[in-house]
Amino acid sequence: MKVVVCMKQVPDTNEVRINQETGTLIRDGVPSIMNPDDKNALEESLRMKDEWGAEVIALSMGPPQASEILREALSMGVDQAILLSDRKFGGSDTWATGSILAAAVEKIGDVDVVFCGRQAIDGDTAQVGPEMAEFLNIPQITYVKELSREGEALRVRRFSEYGDFVYQVTPPVLLTAIKDLNVPRYPSVRGILKHYDPEVQEIITWGFDDLGVDESRVGLGGSLTNVYRSFVPVKSKQIGRAHV
Ligand SMILES: Cc1cc2nc3c(=O)[nH]c(=O)nc-3n(C[C@H](O)[C@H](O)[C@H](O)COP(=O)(O)OP(=O)(O)OC[C@H]3O[C@@H](n4cnc5c(N)ncnc54)[C@H](O)[C@@H]3O)c2cc1C
């Protein structure tokens, strides 16, 4: 079984601050981390490796510094880490991001499970996983909170606000993880010593030319949407009786 786990590097804060002038994220002084839901997707993928012998590949799209979370994934136990990095990918919206990540999954080949987090804490759209499933033309089960195996099939419990649903699905499938799925492990000391060595270049980097994806589907130019304006709504206190 081959599992690809998608992970995004995000600012380490739940309070994303926006530059009011430019409408962009303020990243200065904010350390970056692996997106929390992606850590749950990673933990479950590693459990599939421990219990079912799965091969696990970590995949991230971002600038070169996104390799930090891939080193973390390697030190937690993934078999391979791939960074998608190219100036042409910059400014991608969720559709273009999904298109690029899906092209990488196709290039990896014979993937049984694509595991994403439900949502990234900076962009917050929860669109990339479902979009990837559409590009790959495979079924998707989102908000996964429990996973087990039944022969060749997977038994998946999905959270919904109306109650849980249990599905049986035969791979290939795309799943998105929520935090109830598991408690992520820590990187091992041996893993840290091995995979944080700057002399060792073990992260595979693919750029635009490696993926063979259509230029009209990547980057700012290939995006169907762009953020027109980002702002924090000004809250005002209403004194007196509420208006109805
Ligand atoms: C404040 C803000 C607002 C934005 N609003 C929009 C918007 O309204 N519309 C729009 O199209 N774009 C928007 N973007 C752009 C958006 O950041 C990118 O498209 C981004 O690559 C993915 O969107 P997301 O962060 O919402 O991810 P989500 O869809 O919430 O992420 C779900 C999962 O997909 C996987 N994933 C997402 N990105 C990556 C990656 N780069 N590498 C590997 N795996 C990944 C992870 O597993 C993640 O848990 C916004 C960005 C910011 C910072």
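Our subject is the structure listed above.
The structure displayed is predicted, hence computed values, not measured ones.

A.B. asks: Looking at this model, I keep getting lost on unusual backbone geometry. Mind explaining?
C.D. replies: In terms of backbone geometry, most residues other than glycine have negative phi values and most peptide bonds are trans. That bond from Pro171 to Pro172 is cis: its omega, 10°, falls within 30 degrees of zero. Structurally, Pro172 is set in the loop between strand E9 (165–169) and strand E10 (173–177). The phi torsion at Asp110 lies on the positive side, around 50°, for a residue other than glycine. By the secondary structure assignment, Asp110 is in the loop between helix H3 (94–108) and strand E6 (113–117). Taking the relative accessible area as the measure of exposure, Asp110 reaches 72% and is therefore exposed. A positive phi angle, near 55°, is found at Tyr143, a position not held by glycine. Checked against the element boundaries, Tyr143 lands in strand E7 (residues 140–150). For Tyr143, a relative accessible area of 26% puts it in the partly exposed group.

A.B. asks: Teacher, can you tell me more about the packing of aromatic side chains here?
C.D. replies: Working definition: an aromatic ring pair is given by the centre-to-centre distance plus the angle between the planes. For the structure on display, the rule yields three aromatic pairs. Between Trp95 and Phe135, the ring centres sit 5.4 Å apart and the planes meet at 65°, which makes this aromatic pair edge-to-face. Here the residue Trp95 occupies a position in helix H3, and Phe135 occupies one in helix H4 (residues 128–136), the gap between them amounting to 40 residues. Judged by relative accessible area, which is 22%, Phe135 ranks as partly exposed. Taking the centre distance of 6.4 Å and the plane angle of 25° together, the rings of Tyr143 and Phe159 count as stacked.

A.B. asks: Hey, could you run me through the packing of H3 against H4 in this one?
C.D. replies: Pairs of packed helices are described in terms of their axes, by the angle between the two and the distance that separates them. Running from amino to carboxyl end, H3 crosses H4 at an angle of 55°, the nearest separation of the two axes being 8 Å. Relative to H4, the element H3 lies oblique. Read as a crossing pair, H3 and H4 show a hand that is right-handed. Two secondary-structure elements touch here, H3 through Thr94, Trp95, Thr97, Gly98, Ser99, Leu101, Ala102, Val105 and Glu106 and H4 through Val128, Glu131, Met132, Phe135 and Leu136. In terms of residue class, the contact of H3 with H4 is built from eight nonpolar, four polar and two charged.

Here is what the cut-offs are and how they apply
- Residues numbered from 1 in each chain as written.
- Predicted model: local features only at pLDDT ≥ 70, side-chain atom pairs only at ≥ 80, totals over all residues.
- Heavy atoms only, no water.
- Helix = DSSP H or I, 4+ residues; strand = E, 2+ residues; numbered from the N terminus.
- Buried < 20%, exposed > 50% of the residue type's maximum accessible area, 1.4 Å probe, protein only.
- Phe/Tyr/Trp six-rings, centres within 6.5 Å; stacked < 30°, edge-to-face > 60°.
- Axes fitted to C-alpha atoms, helices over the stretch in contact; angles between N-to-C directions.
- Parallel < 35°, antiparallel > 145°, perpendicular 65-115°, else oblique.
- Left-handed = near helix turned anticlockwise from the far one by under 90°.
- Contact = heavy atoms within 4.5 Å.
- Nonpolar A, V, L, I, M, F, W, Y, C, P; charged D, E, K, R; others polar.

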